[in-house]
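These are the residues of each chain, in order.
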Amino acid sequence: MRSALVRRSVLTASAVSLTLLATACGSDKADTTADAKPSAAAPATSAPAPAAKAKTAAELTPLLVTQADLPDHKVEDDAAAAAAAKGKPAETDKPECKPLVQFQSFQSVGAPAGTARVAATSKPQPAAEGATMEEKLDAAMKGLSVTRTSVALNSYDGKGAEEALAALKGAVTACAGGYTVAAEGDSTKIEKVVPGTPAAAGDEALAFAVVIDLKDGDKATWQLAAVRKGNTLATFTSMNLTGDAEQPKAIVDAQAKKLG
């Protein structure tokens, strides 16, 4: 693949995939007549709730999905995505699309105080007992076409998670017609951004897909999703090395359940 963005993401995924991605209380005026009774005191104004305090990476890690939560996937540490997140940020020709580029590049949207990651790769289905040689070969080929999902939990102070998700929602709408990503001296054309059906989980959620031009007539579709619970934002980036990624519904549902 010629694209630096795709190449970076493939390198992130390949270590796993090839071996099997936020009243004003008025007091009544006292009656001025002599026999008027004093008005009842206005209720004390409640002190404002303290701003939400972000969780650290160590506090987020136990909240990540595990192998026990996803028996049909291989769940493991996502050190490769963590390394990619520390790389030089990719750029885009449309500033309004920056949140999407950050999402695709495994970098945080906004400024979370803590981040924890894991990766979940779908397990290929073996050929049935007594399968013909052709069926076994077909199962082997399908075994190479697995979807890998990078899961990240990002925790923010205050309303940071709400603001990050709002930025993503705005970018999905503003960038529906596509945009270009520049990274490592190369560029990638995102042909379009397609809204999806958000998970019925958390306080609010988002789902969408991006169609990537791989050049030479090849294309790929990545599935992306986010679920906010309080001041924690869970993000999901799904890709497939040999075709279009599957929607990570089981992973999103399991992770949302762990967030409460």
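Residues numbered from 1 in each chain as written. Predicted model: local features only at pLDDT ≥ 70, side-chain atom pairs only at ≥ 80, totals over all residues. Heavy atoms only, no water.

**As for the nonpolar core**
Consideration 1: Grouped together as the largest cluster of nonpolar side chains are 33 residues, with contacts concentrated most on Leu100, Leu168, Tyr179, Val193, Phe208, Val210 and Leu233.
Consideration 2: Of all the secondary-structure elements, those providing two or more residues to this core are helix H3 (79-85), helix H4 (98-104), helix H6 (160-174), strand S5 (179-183), strand S6 (186-195), strand S7 (204-215), strand S8 (218-229) and strand S9 (232-240).
Consideration 3: The greatest single-element share of this core, amounting to six residues, is contributed by H6.
Consideration 4: With near-sequence residues (within four places) excluded, Leu168 lies in contact with Pro99, Leu100, Phe103, Val109 and Leu206. (Core = buried A, V, L, I, M, F, W, Y, C linked by side-chain atoms within 4.5 Å. Buried < 20%, exposed > 50% of the residue type's maximum accessible area, 1.4 Å probe, protein only. Helix = DSSP H or I, 4+ residues; strand = E, 2+ residues; numbered from the N terminus. Contact = heavy atoms within 4.5 Å.)

**Examining unusual backbone geometry**
Consideration 1: Of note in this structure, Lys215 is not a glycine but carries a positive phi near 75°.
Consideration 2: On the basis of relative accessible area, Lys215 is assigned to the partly exposed category, the value being 30%.
Consideration 3: Positive phi is not limited to glycine here, since Asp216 has a value of about 55°.
Consideration 4: Here Asp216 lies in the loop between S7 and S8.

**Comments concerning the environment of Gly177**
Consideration 1: The residue Gly177 is located in the loop between H6 and S5 in this model.
Consideration 2: Relative accessible area serves as the criterion here: at 59%, Gly177 is assigned to the exposed category.
Consideration 3: In this structure the C-alpha to C-alpha distance between Gly177 and Val193, which are 16 residues apart in sequence, comes to 6.7 Å.

**Focus on the confidence of the model for the chain**
Consideration 1: When the pLDDT values of the chain are averaged, the result is 82; 76% of them are 70 or greater.
Consideration 2: Ranking the elements of the chain by mean pLDDT puts helix H1 (residues 4-17) last, at 41, and H6 first, at 98.
Consideration 3: This model gives residues 6-44 a pLDDT under 50, and the stretch forms 65 contacts once residues within four places in sequence are excluded. (pLDDT = per-residue confidence, 0-100.)

**Some words on the state of the cysteines**
In a disulfide, the sulfur atoms of two cysteines are held together by a covalent bond.
Consideration 1: Inspection of every chain in the model, using the stated rule, returns one disulfide.
Consideration 2: Covalently, Cys97 is tied to Cys175 through a disulfide, its sulfur atoms 2.0 Å apart. Classification of the bridge connecting Cys97 and Cys175 rests on its S-S torsion, roughly -115°, and on that basis the disulfide is left-handed. One end of the pair, Cys97, is in the loop between strand S2 (91-92) and H4; the other, Cys175, is in the loop between H6 and S5, with 78 residues separating them in the sequence.
Consideration 3: You can call Cys97 buried: its relative accessible area is 0%. (Disulfide = S-S within 2.5 Å.)

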